[in-house]
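Inside the fold
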Amino acid sequence: MSAQMIGLLLDALWATLTMVGISGLLATVGGVPIGVILVITGRGHIWPHAALNRGLGAAVNAFRSIPFIILMISIIPLTRLIAGTSIGTIAAIVPLTIAAVPFVARLVESSLREVDPGLIEAAQAMGASPWQIVFKVLLAEAWPGIVAGITITLVNLVGYSAMAGAMGGGGLGDLGVRYGYQRYQPQVMVLVVVVLIVLVQGMQSVGDRIAARLNKRLIRMRGEEGR
């Protein structure tokens, strides 16, 4: 492999990491609060609000049902408004974030619903406010599951970023299409696939380790409180 191709591969890998990293961070910032609201506004929870719950849930489901490529094309005006352009790595972050926010929200909602209701009732009995219950009970107990959900989101974003690359977003997807497909260099396509597999495996391993450590810490804290 030529030095030029290695340079192109490293640039494409950096672009992919940039897209996935920034969009993953923004999706977490936006998705976690939405997931919390979906849980606490449910019937019988600490802040029931049927209209808000139904409306927000419908919006999340609507965005999750749109295929990424269609979403990416349909929000081109918004992408241009935010990023100043509709092509390139920075521009691709906009649709990636919008696609990932509802995904994170549902995963966070699922993790929070697994928290033992008895812990919430005990906190309420001790006079804890709704926000204290959110931060000190719900989120504290659900962090291992939330981290696992964020890891799944990042893995999915790697695949989405490859599709974004094929549509002019840059990164490994763009490299694979331009050199592996359009210029008939199958070895480049194979290399891109191998790098994507390694990247996904690395993200999954790191996420699993962090989630396992958080779970062990949570179990240890419960044991100390029970003494």
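Further up the page is the structure itself.
Note that the coordinates shown come from a computational prediction; the quantities given were computed from them, not determined experimentally.

**Some details on the packing of helix α4 (residues 76–83) against helix α5 (residues 89–113)**
Between α4 and α5, the least distance of the axes is 9 Å, while the angle of their chain directions is 125°. Classified by the interaxial angle, the pair formed by α4 and α5 is oblique. Between α4 and α5 lies a crossing of right-handed hand. For the pair α4 and α5, the contacting residues are L78, T79, I82 and A83 in the first and I90, A91, V94, P95 and I98 in the second. Of the residues that constitute the contact of α4 with α5, the class distribution is eight nonpolar, one polar and no charged.

**Considering the nonpolar core**
Counting residues in hydrophobic clusters, the biggest one holds 48 residues, and the most contacted among them are L112, L138 and L175. Breaking this core down by element, the ones donating at least two residues are α1 (3–40), α3 (68–74), α5, α6 (117–125), α7 (130–169), α8 (172–181) and α9 (186–226).

**Concerning the packing of aromatic side chains**
Counted by the stated rule, this structure contains two aromatic pairs. Aromatic side chains F68 and Y160 sit 4.9 Å apart centroid to centroid with 5° between the ring planes, which places their arrangement in the stacked category. Placement of F68 in helix α3 and of Y160 in helix α7 is noted, with a sequence separation of 92 residues between them. With relative accessibility at 29%, the residue Y160 sits in the partly exposed group. Look at W131 and F135: their rings are 6.4 Å apart centre to centre, the planes differ by 35°, and that puts the pair in the tilted class. Taken as a pair, W131 and F135 lie in helix α7 at a separation of four residues, close to a single helical turn. In this structure, W131 and F135 share a single accessibility class: exposed.

**Remarks on the pattern of salt bridges**
Two side chains carrying opposite charge are able to pair once their charged atoms lie near each other. Going through the model one piece at a time under the given rule, you end up with three salt bridges. Residue R106 pairs with E109 through a salt bridge whose shortest N-O separation is 2.6 Å. Pair noted here: R106 and E109 are both in helix α5, with a separation of three residues, about one helical turn. No difference in accessibility class separates R106 from E109, as the two residues are buried. A salt bridge links R113 to E109; the shortest N-O distance between them is 2.9 Å. Note that R113 and E109 are positioned in helix α5 at a spacing of four residues, about one turn of the helix. For R113, a relative accessible area of 47% gives the class partly exposed. Assessed through its relative accessible area of 10%, E109 is described here as buried. One network of salt bridges, in which partners are shared, links R106, E109 and R113.

Calculation notes
- Residues numbered from 1 in each chain as written.
- Predicted model: local features only at pLDDT ≥ 70, side-chain atom pairs only at ≥ 80, totals over all residues.
- Heavy atoms only, no water.
- Axes fitted to C-alpha atoms, helices over the stretch in contact; angles between N-to-C directions.
- Helix = DSSP H or I, 4+ residues; strand = E, 2+ residues; numbered from the N terminus.
- Parallel < 35°, antiparallel > 145°, perpendicular 65-115°, else oblique.
- Left-handed = near helix turned anticlockwise from the far one by under 90°.
- Contact = heavy atoms within 4.5 Å.
- Nonpolar A, V, L, I, M, F, W, Y, C, P; charged D, E, K, R; others polar.
- Core = buried A, V, L, I, M, F, W, Y, C linked by side-chain atoms within 4.5 Å.
- Buried < 20%, exposed > 50% of the residue type's maximum accessible area, 1.4 Å probe, protein only.
- Phe/Tyr/Trp six-rings, centres within 6.5 Å; stacked < 30°, edge-to-face > 60°.
- Salt bridge = Lys/Arg side-chain N within 4 Å of Asp/Glu carboxyl O.

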